[in-house]
Amino acid sequence: MPMKSTTTLKRHPLTVRRLGGLAMALFLVAPVYLLAQTVFGSALLTEYEPPADAYWTIEEHTTDYPGELAQEQVTGCLVANVEVSRSGKTKFRGIEKSFPATGLERPFKRSINRIRWVPVDDALPGKEEQRQIRIDFCMSYESTMSARRQCVQSALQPCE
C-alpha cells in the first residue's frame, strides 16, 4: 500500500512519488511500492533592472508557485513585462525571456497580475510605469528554506 505525504506550495498540495531502494531491488520479483517524498517550493519575485527614477517598488517578494508547474516539478525563472497603474496594480504584458523557454505564460499570468506595488515616496503623486519583474521558482526535498536559498542563488544568475 503506497504511503502518502503532501506539502503546500503557496496553496497547492503536491505529492511526489519515488521508488524506494528496497522496491528497486525487488522490482522483478515483487510488486513495486512507491514511497512518497515531500517537495518544498519557493517563488521569489524581484524587480528586474529597476530604473533609478522608479516610482514603484514591489510590496511583497514572494508569489504563488503555480500548482500545475509544482506538480510537474518544473523549476526555472522568467522575466516579464508589466504595467503598473497609478494605484499600484499590475497588468501582465508578456514574458521577455524564460527558462524553460515555453509554457510559463499561462501558469504565471494570475500570479503576476496579483503583484502589488508601493510608492518609493508617498509625497509624490501616483504615476503609471512600464516595468520588468523576475520570478525564480525553485524546489527542494529538504525544506521551504532550502528552496528559498536556491531561489536567492538562482536570482544572481542570468535567466536563460
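Quantities reported herein were computed from a predicted structural model and do not represent experimental measurements.

The rules behind these values
Residues numbered from 1 in each chain as written. Predicted model: local features only at pLDDT ≥ 70, side-chain atom pairs only at ≥ 80, totals over all residues. Heavy atoms only, no water. pLDDT = per-residue confidence, 0-100. Helix = DSSP H or I, 4+ residues; strand = E, 2+ residues; numbered from the N terminus. Pairing = 2+ DSSP bridges. Axes fitted to C-alpha atoms, helices over the stretch in contact; angles between N-to-C directions. Contact = heavy atoms within 4.5 Å. Disulfide = S-S within 2.5 Å. Buried < 20%, exposed > 50% of the residue type's maximum accessible area, 1.4 Å probe, protein only. Phe/Tyr/Trp six-rings, centres within 6.5 Å; stacked < 30°, edge-to-face > 60°. Salt bridge = Lys/Arg side-chain N within 4 Å of Asp/Glu carboxyl O.

Q: What is the right way to read the confidence of the model for the chain from this model?
A: The predicted structure's coordinates, where accompanied by low pLDDT, should not be read in detail. Averaged over all residues, the pLDDT of the chain is 79; the fraction at 70 or higher stands at 78%. Within the chain, strand β1 (residues 7–8) has the poorest average pLDDT of any element, 34, and strand β7 (residues 76–84) the best, 96.

Q: Explanation requested: the sheet that holds β7 in the structure shown.
A: Pairing between sheet strands relies on hydrogen bonds along the backbone, with the strands arranged either parallel or antiparallel. In space, the four strands of this open sheet follow the order β5-β10-β7-β8, with antiparallel pairing throughout. Strands with a single pairing partner mark the edges of an open sheet, and in this sheet they are β5 (40–47) and β8 (90–99). In this sheet, adjacent strand axes meet at a mean angle of 25° when their direction is disregarded. As defined by bridge partners, β7 adjoins β8 across eight bridges and the pair is classed as antiparallel. Bridge pairing in β8 places Leu78 opposite Ser98. Sheet contacts for helix α3 (residues 105–113): β7, β8 and β10 (129–140); angle to β8, the most-contacted strand, approximately 135°.

Q: Sorry, what's going on with the state of the cysteines here?
A: Each disulfide consists of one covalent bond between the sulfur atoms belonging to two cysteines. In this structure the tally under the stated criterion is two disulfides. Put simply, Cys77 and Cys159 are joined by a disulfide, and their sulfur atoms are 2.2 Å apart. Across the disulfide from Cys77 to Cys159, rotation about the S-S bond amounts to roughly 110°, and the bridge is consequently right-handed. Taken together, the residues Cys77 in strand β7 and Cys159 in the segment after α4 (144–154) connect sequence positions 82 residues apart. Take Cys77 and Cys159: they sit in the same class, and that class is buried. Note that Cys138 is cross-linked by a disulfide to Cys151, the S-S spacing being 2.4 Å.

Q: Help me understand the packing of aromatic side chains in this model?
A: For any pair of aromatic rings, the description rests on two quantities: the centre-to-centre distance and the angle between the ring planes. Counted by the stated rule, this structure contains three aromatic pairs. For the pair Phe108 and Phe137, a centre-to-centre distance of 4.9 Å together with 50° between the ring planes defines the contact as tilted. Within this pair, whereas Phe108 is found in helix α3, its partner Phe137 is found in strand β10, the two being separated by 29 residues in sequence. Take Phe108: its relative accessible area is 1%, and that puts it in the buried class. The class of Phe137 is buried, set by a relative accessible area of 1%. Through successive ring pairs, a cluster of aromatic residues spans Tyr65, Phe108 and Phe137.

Q: I would appreciate a short explanation of the pairing of β7 in the present structure.
A: If a strand is regular, its side chains alternate between the two faces of the sheet. With eight of nine residues buried, β7 is to be regarded as a mostly interior element. When β7 meets β10, the two strands line up antiparallel, connected through nine bridges. Paired with Ala80 across the strands is Ile133, a residue of β10. Adjacent in sequence and paired antiparallel, β7 and β8 are bridged by five residues, among which Gly88 carries a positive phi angle near 90°.

Q: Explain the pattern of salt bridges to me, please; I cannot follow it from the model alone.
A: Pairs can form between side chains of opposite charge once their charged atoms are near each other. Here the structure, examined in full by the defined rule, presents six salt bridges. In this structure, Arg131 engages Glu47 in a salt bridge whose closest nitrogen and oxygen atoms are separated by 2.4 Å. One end of the pair, Arg131, is in strand β10; the other, Glu47, is in strand β5, and 84 residues separate them in sequence. The class for Arg131 is buried, based on a relative accessible area of 4%. In this structure, Arg131 engages Glu129 in a salt bridge whose closest nitrogen and oxygen atoms are separated by 3.0 Å.

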